[in-house]
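Each chain, written out:
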Amino acid sequence: MKFGGTSVGTGTNIRHVADLVTSYAKKDVKVTVVVSALAGVTNSLIETACQAKKSDAQSIEGFTKGLLQKHQEAIAAAIKSKAIQKEVTEITEKTISELEKVLTGICYVGELTPKSKDYVLSFGERLSAPIVWGAIKDSKVETACFTGKEVGIVTDNNFGEANPLMNFTTHLIRERLSPMLEKGVIPVVTGFIAANQDGIVTTVGRGGSDYTATILGVALKADEVWIWTDVDGIMTTDPKIVPAAKMIPQLSYQEAAEMAIFGAKAMHPRALGPVNKENIPVRIRNTAHPENNGTLITKEPQAEAKEAVKAVAMIKDVAMLNVYGAAMVGAPGSYAKVFDVLGKNGINVMMISAAASEANISMIIKRGLLGRAVSNLEIALSEKGGIISEITTEDDVAVIAVMGANMKGTLGVASKIFQIVAKKGINIRMIAQGSSELNISFVVKEKDGVAVVKAIHEEFNLDKA
Ligand code: ADP
Ligand code: ASP
Ligand code: MG
């Protein structure tokens, strides 16, 4: 069971989580718990680390004070026993004092590397897990607390988006947790954070606690992995955009992964890889409504869905990069050169579209990486004799992704989508359809994104699904 940031956002919520976990344990269900940082903490850690890098020492003390208070309040509300409160408070104080030293170090050096950033980010989960552990212990159930590193999640050195070395990791997790689970002890594990082979802290990407949960699920051969969150399951669109969005009871791994990649925050995009391979079902459930079954993700969705379109998502914070060059026409390897420059500079291309004339490639990348992408392409490929003659950008766009496994082979879906958009008088800037035909994605101005999502949701009757 993995609990997201809002599920452990306050002490009262943590108490509820502990009650939920122990209610299953009392029914003889063996549970391993994975926890995220308290809602908002990971973001505030990034912000403060970026401030510290600018040698702004003043912000550090205020930040750590506030962080301590937030966690102390959670401890007081989540745990009744004074002795356990004291124990968890001591861990919290020690952890925050370590964080203060790390931030001060960054401030002095004036540098925030991917490695030191992961170290800073790890503190969110290092602070939340002991409180959940304390609250479970408070219910007189045996429990033990681990960081991702202690439990044996070993990754490569790709700081910020590290990948687990699954064979080694599986072996370590089984060795460490199986005997404990057999004895009825509930392990509480920090989500999101792991360590490389040298024991240096890594993180598996934003929203990565989901990934931690599926890694543990596979290693322990779990019957199911449950992702507890603040919505009823995976919905037809973000309920924050369309309140009438409906919960989707069943999805295949492929469909759910597609939705996760395209912005359904309900799930980390890479989290489904390990469970898909081992065929372990995943359930997305609402912490506030445990009576609901949530969305079940399996190899083949059991109920045969007829509708072609199942969901629509909007991805914000992206930018469009257009590369032109007559020299690219008919020149083998020219695309490779463009993607090689972007790849070597750590820029992930989220969407591509190229004209048959080959004189232009349009790409979607994270908005924050746009400057770096343009300057690196210019340096590498625009200088005299280079294949690129012009680069243009648009940084006020959003991707709209329309998804559903039955879109494959269904005629007229694309034309209906584009008619809906045209009827709204909105211009489409770029289009891509993967050969899997599981989704059609297109780009509009960001200010039009919400209207497009609402119109597609309504015209495809997704609220009546
Ligand atoms: P957690 O903190 O539990 O990991 P997240 O914030 O990562 O939760 O993800 C849950 C949020 O994802 C929801 O509150 C919802 O606003 C957003 N979301 C976006 N698209 C979808 C979707 N299609 N289905 C469900 N939730 C979605
Ligand atoms: N705390 C991490 C984040 O905010 C991981 C997670 O919540 O899943 O990205
Ligand atoms: Mg999440």
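Each residue is numbered by its place in its chain's sequence as written, counting from 1. Chain A is the first chain written and ligand 1 is the first ligand written, with later ones labelled in order. Residues qualify for local features only when their pLDDT is at least 70, as the model is predicted, and side-chain atom pairs are given and counted only at 80 or more; totals for whole chains, interfaces and linings, by contrast, use all residues. As a convention, hydrogens and water are excluded, and side-chain values are obtained from all of the structure's heavy atoms.

Any chance you could explain the overall build of the protein chain here in plain terms?
Looking only at helices and strands, one finds 14 helices and 17 strands in the protein chain. The size measure is the radius of gyration over C-alpha atoms, and the globule rule it meets is 2.2 Å times the number of residues to the 0.38 power. Relative to the 2.2 N^0.38 estimate, which gives 23 Å for 465 residues, the radius of gyration of the protein chain is 24 Å and therefore close to what a compact globule would have. Principal axes of the C-alpha set define a box for the protein chain whose edges measure 70 × 55 × 40 Å. Within the span of the protein chain, comprising 465 residues, buried residues form 52% of the whole. We call two residues contacting when some pair of their heavy atoms lies within 4.5 Å. At a minimum sequence separation of 6, the contacts of the protein chain that also span at least 24 residues come to 76%. Using a 1.4 Å probe, accessible areas were evaluated by the Shrake-Rupley method; residue-level cover was limited to the displayed protein chains. When the accessible surface of the protein chain is totalled, it reaches about 21,100 Å², and 52% of it is carbon and sulfur. Positive residues here are Lys and Arg, negative ones are Asp and Glu, while His and the chain termini are left out of the count. For this purpose, a charge sits on NZ of Lys, CZ of Arg, CG of Asp or CD of Glu. Of the charged side chains in the protein chain, 51 are positive and 50 negative, and the gap between their average positions amounts to 2 Å. Each helix is a run of DSSP H or I of at least 4 residues and each strand a run of E of at least 2, with the numbering of both proceeding from the N terminus. Burial here depends on accessible area, computed with a 1.4 Å probe over protein chains only, as a share of the maximum for the residue type. Under 20% is buried, over 50% is exposed, and the range in between is partly exposed.

In this structure, what is going on with the packing of helix H2 (residues 41-53) against helix H5 (residues 114-138)? I would like to understand it.
Geometry of a packed helix pair, given as the angle between the helix axes and the separation of the axes. One can describe the packing of H2 onto H5 by two numbers: an axis separation of 9 Å at closest approach and a directional angle of 150°. Judged by the twist between their axes, the crossing of H2 over H5 is right-handed. Side by side, H2 and H5 meet where Val41, Thr42, Leu45, Ile46 and Ala49 of the first sit next to Lys117, Val120, Leu121, Phe123, Gly124 and Glu125 of the second. Polar here means any residue outside two lists: the nonpolar Ala, Val, Leu, Ile, Met, Phe, Trp, Tyr, Cys and Pro, and the charged Asp, Glu, Lys and Arg; Gly therefore counts as polar. Of the residues in the contact of H2 with H5, the class split is seven nonpolar, two polar and two charged. Fitted lines through C-alpha atoms give the axes, limited to the stretch in contact for helices. The angle between two N-to-C directions lies from 0 to 180 degrees. In this scheme, a crossing is called left-handed if the near helix is turned counterclockwise away from the far one by less than a right angle; it is called right-handed if the turn is clockwise.

What is the right way to look at the site of ligand 1 in this model?
Any residue with a non-hydrogen atom lying within 4 Å of a molecule or strand is treated as near it. Close to ligand 1 lie 17 residues; Thr229, Met235, Asp238, Lys240 and Lys265 are nearest. Polar contact criterion, stated in full: a pair of N or O atoms within 3.5 Å, where within protein one must be able to donate a hydrogen and the other to accept it, and residues adjacent in sequence count only if both atoms are side-chain atoms. A distance of 2.9 Å separates a nitrogen atom of ligand 1 from a polar backbone atom of Met235. Considered on its own, ligand 1 offers 570 Å² of accessible surface; in the complex 90% of this is hidden by protein.

How should the site of ligand 2 be read in this particular structure?
As a matter of local geometry, ligand 2 sits amid Ser36, Ala37, Thr42, Glu125, Phe192, Arg206, Gly207, Gly208 and Ser209. Separating an oxygen atom of ligand 2 from a side-chain N or O atom of Ser36 is a distance of 3.1 Å. Within the side chain of Arg206, an N or O atom sits 2.6 Å from an oxygen atom of ligand 2. Considering ligand 2 on its own, with 260 Å² of exposed area, one finds that the protein chains cover 87% of that surface.

Where do I start with the nonpolar core in this structure?
One recurring pattern in soluble globular proteins is that nonpolar side chains are buried together. Nonpolar cores were defined as sets of buried Ala, Val, Leu, Ile, Met, Phe, Trp, Tyr and Cys residues, with membership established by side-chain atoms within 4.5 Å. Formed by 52 residues in total, the largest nonpolar core has its most connected members in Leu272, Val282 and Ile364. Residue contributions to this core peak at six residues, all from helix H8 (residues 209-219). Discounting chain neighbours no more than four positions away, the residues touching Leu272 are Tyr253, Ala256, Ala257, Met267, Val282 and Ile297. If you look at the next biggest cluster of nonpolar residues, it comprises 51 residues, including Val31, Ala37, Leu45 and Val188.

Looking at this structure, how should I read the pairing of strand E10 (residues 282-286)?
One face of the sheet, then the other: side chains in a regular strand alternate in exactly this way. Taken across its five residues, E10 has five buried, putting it largely inside the fold. Burial along E10 is two-sided: the residues Val282, Ile284 and Asn286 and Arg283 and Arg285 are all buried.

What is the right way to look at H8 in this model?
The α-helix winds at 3.6 residues per turn, so residues separated by three or four positions along the chain end up facing the same way. Along H8, eleven of the eleven residues are buried, which leaves the element largely enclosed by surrounding structure. For H8, the complete set of buried residues consists of Ser209, Asp210, Tyr211, Thr212, Ala213, Thr214, Ile215, Leu216, Gly217, Val218 and Ala219. In the segment just after H8, Lys221 is the residue with positive phi, at about 50°.

I'm lost on the sheet that holds strand E14 (residues 360-366) in this one. Help?
By definition, the strands of a sheet pair up through backbone hydrogen bonds, in either a parallel or an antiparallel sense. Any two strands with at least two DSSP bridges between them are considered paired. Strand order in the open sheet formed by six strands is E13-E14-E12-E15-E17-E16, and the pairing between neighbours is antiparallel. A single partner strand is all that each edge strand has here, and the edge strands are strand E13 (351-354) and strand E16 (430-433). Each strand axis lies, on average, 30° off the axis of its neighbour in the sheet, ignoring direction. Pairing analysis gives seven bridges linking strand E12 (residues 311-324) to E14, with the strands arranged antiparallel. By the bridge assignment for E14, Leu321 is matched with Met363. Contacts from helix H11 (residues 334-344) reach E13 and E14, with the element oriented near 20° to E14.

Please explain the sheet that holds strand E4 (residues 154-155) as it appears in this structure.
Read from one edge to the other, the open sheet built from three strands follows the order E4-E6-E7, with strand pairing classed as mixed. The open sheet has two edge strands with one neighbour each: E4 and strand E7 (201-203). With three bridges connecting them, strand E6 (residues 193-196) and E7 associate as antiparallel partners. Paired with Ile193 across the two strands is Thr203, which belongs to E7. Sheet contacts for H5: E6 and E7; angle to E7, the most-contacted strand, approximately 80°.

I'm lost on the packing of helix H7 (residues 166-182) against H8 in this one. Help?
Two numbers describe how H7 lies on H8: the axes approach to 9 Å, and their chain directions differ by 75°. The pairing of H7 with H8 is recorded here as roughly perpendicular in orientation. Of the residues in H8, those in contact with Met166, Thr169, Thr170, Ile173, Arg174 and Leu177 of H7 are Ile215, Leu216, Val218 and Ala219. Within the contact of H7 with H8, the residues separate by chemical class into seven nonpolar, two polar and one charged. Each angle gets one of four labels, with under 35 degrees taken as roughly parallel, over 145 as roughly antiparallel, 65 to 115 as roughly perpendicular, and the rest as oblique.

Quick question: what am I supposed to make of the environment of Val188 here?
Locating Val188 in the fold gives a position in strand E5 (residues 186-190). The exposure class assigned to Val188 is buried, which follows from its relative accessible area of 0%. Between the alpha carbons of Val188 and Glu446 there is a distance of 40 Å; along the sequence they are 258 residues apart. Those residues in contact with Val188, other than ones at most four positions away along the chain, are Val33, Val35, Ala129, Val132, Trp133, Ile136, Thr143, Ala144, Cys145 and Phe146.

Please explain H5 as it appears in this structure.
Every helix has an expected span of 1.5 Å times one less than the residues it contains. The terminal C-alpha atoms of H5 lie 37 Å apart, and with 25 residues this matches the ideal 36 Å at 1.5 Å per residue to within 8%. In terms of burial, H5 is largely enclosed, as 20 of its 25 residues are buried. Of the residues flanking the end of H5, it is Lys140, one or two places downstream, whose phi is positive at about 60°.

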